[in-house]
Amino acid sequence: MDDALLAALVKEIQSGKESALALLYDHTVGRVYKLALRITANHADAEEVTCDVYQQIWRTAALFDPIRGLPCQWIMAIARTRALDRCRRSQTSRALLRADPALLQ
């Protein structure tokens, strides 16, 4: 990934340009999905995480600070956090169902 290009796209996203989000998606979706899949070990969860990542990028682009790191690092940190959150939610749901099988009915 070209960090200069990604930084320019994030700057455009900060200005509300949806087309910049689409280009950012095109340039990064492969890596985001692979990371999400590696963490969740589930294709459906990885797809959901991937969607969540780009929604969060859209909502929080103004928080990106190039002084704190590269755009690809920021994007992958979001992906990692979202994937771990998804795993925790899944584990909690499974634990609840084991504790109270009546929840299945």
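Residues numbered from 1 in each chain as written. Predicted model: local features only at pLDDT ≥ 70, side-chain atom pairs only at ≥ 80, totals over all residues. Heavy atoms only, no water.

Go over the nonpolar core with me, naming the residues and quoting the values.
Ile13, Leu24, Val32, Val53, Ile57 and Trp74 are the most contacted members of the largest nonpolar core, which has 24 residues in total. Contributions of two or more residues to this core are made by helix H1 (3-14), helix H2 (18-40), helix H3 (43-60) and helix H4 (71-99). When residues of this core are assigned to their parent elements, the largest contribution, seven residues, is made by H4. (Core = buried A, V, L, I, M, F, W, Y, C linked by side-chain atoms within 4.5 Å. Buried < 20%, exposed > 50% of the residue type's maximum accessible area, 1.4 Å probe, protein only. Helix = DSSP H or I, 4+ residues; strand = E, 2+ residues; numbered from the N terminus.)

How would you explain H3 if you had to name every residue and give the values?
In a regular helix each residue adds 1.5 Å, so 18 residues correspond to 26 Å; H3 covers 25 Å between its end C-alpha atoms and thus fits that length. Listed in full, the buried residues belonging to H3 are Asp45, Ala46, Val49, Thr50, Asp52, Val53, Tyr54, Gln56, Ile57 and Thr60. In this structure Asn42 caps H3, since a side-chain oxygen of it lies 2.9 Å from the backbone nitrogen of Ala44. (Expected span 1.5 Å × (residues − 1). Polar contact = N/O pair within 3.5 Å; in protein donor to acceptor, adjacent residues only side chain to side chain.)

Please provide a residue-by-residue account of the side chain of Thr40, values included.
With respect to the helices and strands, the residue Thr40 is situated in helix H2. There is a polar contact of 2.8 Å between the side chain of Thr40 and the backbone oxygen of Ala36. Not counting the four nearest positions on each side in its chain, Thr40 is found in contact with Asp45, Ala46, Val49, Ala83, Arg86 and Cys87. (Contact = heavy atoms within 4.5 Å.)

A description of the packing of aromatic side chains should follow, citing residues and the corresponding values.
When we look at a pair of aromatic rings, we describe it by the centre distance and by the angle of the planes. Per the counting criterion, the structure on display carries two aromatic pairs. Here the aromatic rings of Tyr25 and Tyr54 are separated by 4.9 Å at their centres, their planes lie at 65°, and the arrangement is edge-to-face. With Tyr25 in helix H2 and Tyr54 in helix H3, this pair connects stretches of sequence that are 29 residues apart. Taking the relative accessible area as the measure of exposure, Tyr25 reaches 37% and is therefore partly exposed. (Phe/Tyr/Trp six-rings, centres within 6.5 Å; stacked < 30°, edge-to-face > 60°.)

Note that all results are geometric; they support no functional claim without further evidence.
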